[in-house]
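Residue-level structural notes
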Amino acid sequence: MNSTHAKTTTRRLPPLNMLRAFEAAARCESVTLAAQELHVTQSAVSHQIKALETWLGVPLVQRSGRGLGLTAEGAAYLPSLRSAFDLVAQATARIAQPTRRNTLSVNSMASLSAQWLIPRLAAFCAEVPDVDVQLSTTVKAFDFDPAAFDVSIRCMYDIERAELLRKDKWQGVQMEAFLPESLTPLCSPQLAHGTLALQTPRDLGQHTLLQSRSTPLFWQDWLAAAGEPQLRPANTLTFDHTHLAVQAAIQGMGVALGNPHQLRDVLDGGLLVRPFPELEIDLKNVYWIRPPHAAQNPQALAFCRWLEECGGLGGGEAAG
């Protein structure tokens, strides 16, 4: 009997707009601030408060200059009203949560994104379909703030220099190697085995070397490691990014330096070959970087695990 009565009892409640106006004005101690929060006029807030006072039959507020005070009745009413609104907000959030899209901000170097990450990104989106990845690329290899993104991707060569520039930004940062990073000459099969075949590093003197402004010294480093520090190529072409130089190599325009681990698909497909596969310079691997604010972020954790699975490396460390 009591249960039936509880289900059919009609609650005596004031209109919601009256309650929202009073709660906002009392909490902000200002009709002006309440109006801004509710996106209505000041007169609308004042009208709703007066209507609530009439409905209840008691005064709730008392005005003093530009400020707003509460009567004894208003002060007694506010805590329960705020708790009720909090409960409604929490219940709404729990119901609405399944329909919300999670976002994950990822920052990576342009060439790594173009050559390795983007061709694989659809697989991550399929595995974690409720996440919207916001991928940004940058040419600022060294001077970047790891806390500006949920996950950043850099090679150790860049990380070491970035830490020197902004060491205060690296406290509590987590990072782990997931992809080998090395450089070796790459070119089209036709160029490698053509009239001017590439049999030794000295043969590069008959070809065009393709380089990027983002890594201007890497050809010098590689030639020195290959025992040809004084070699002068027939020509050079310079691009903004490494992936553009690699694309030019695919078109047969010359020889580019590239990371064979990032370009596995291109090499396996026969678009490029490594004329000197035994000659690579090591750049200490590629790392994911996760700042403290994303340490327990489920989407960031899932993305970093996925990077490790794709890259095939393990063994992490914490910066700072």
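Quick look at the structure, then. (Residues numbered from 1 in each chain as written. Predicted model: local features only at pLDDT ≥ 70, side-chain atom pairs only at ≥ 80, totals over all residues. Heavy atoms only, no water.)

1. Things to note about the pairing of strand 5 (residues 151-155)
Here strand 5 lies mainly inside the structure; five of its five residues are buried. Burial of strand 5 is two-sided: the residues Val151, Ile153 and Cys155 facing one way and the residues Ser152 and Arg154 facing the other way are all buried. Pairing of strand 3 (residues 102-109) with strand 5 involves three bridges; the strand directions are parallel. Paired with serine 108 across the two strands is isoleucine 153, which belongs to strand 5. Where strand 5 lies against strand 12 (residues 286-290), four bridges are found, and the strand directions are antiparallel. (Buried < 20%, exposed > 50% of the residue type's maximum accessible area, 1.4 Å probe, protein only. Helix = DSSP H or I, 4+ residues; strand = E, 2+ residues; numbered from the N terminus. Pairing = 2+ DSSP bridges.)

2. Some details on the packing of helix 2 (residues 16-28) against helix 3 (residues 31-38)
For the pair helix 2 and helix 3, interaxial distance at closest approach is 8 Å and the crossing angle is 125°. One finds that helix 2 runs oblique with respect to helix 3. Seen from above, helix 2 lies across helix 3 with right-handed handedness. Facing Arg20, Ala21, Ala24, Ala25, Arg27 and Cys28 of helix 2, the residues of helix 3 in contact are Leu33, Ala34, Glu37 and Leu38. Of the residues assigned to the contact of helix 2 with helix 3, the class counts are seven nonpolar, no polar and three charged. (Axes fitted to C-alpha atoms, helices over the stretch in contact; angles between N-to-C directions. Parallel < 35°, antiparallel > 145°, perpendicular 65-115°, else oblique. Left-handed = near helix turned anticlockwise from the far one by under 90°. Contact = heavy atoms within 4.5 Å. Nonpolar A, V, L, I, M, F, W, Y, C, P; charged D, E, K, R; others polar.)

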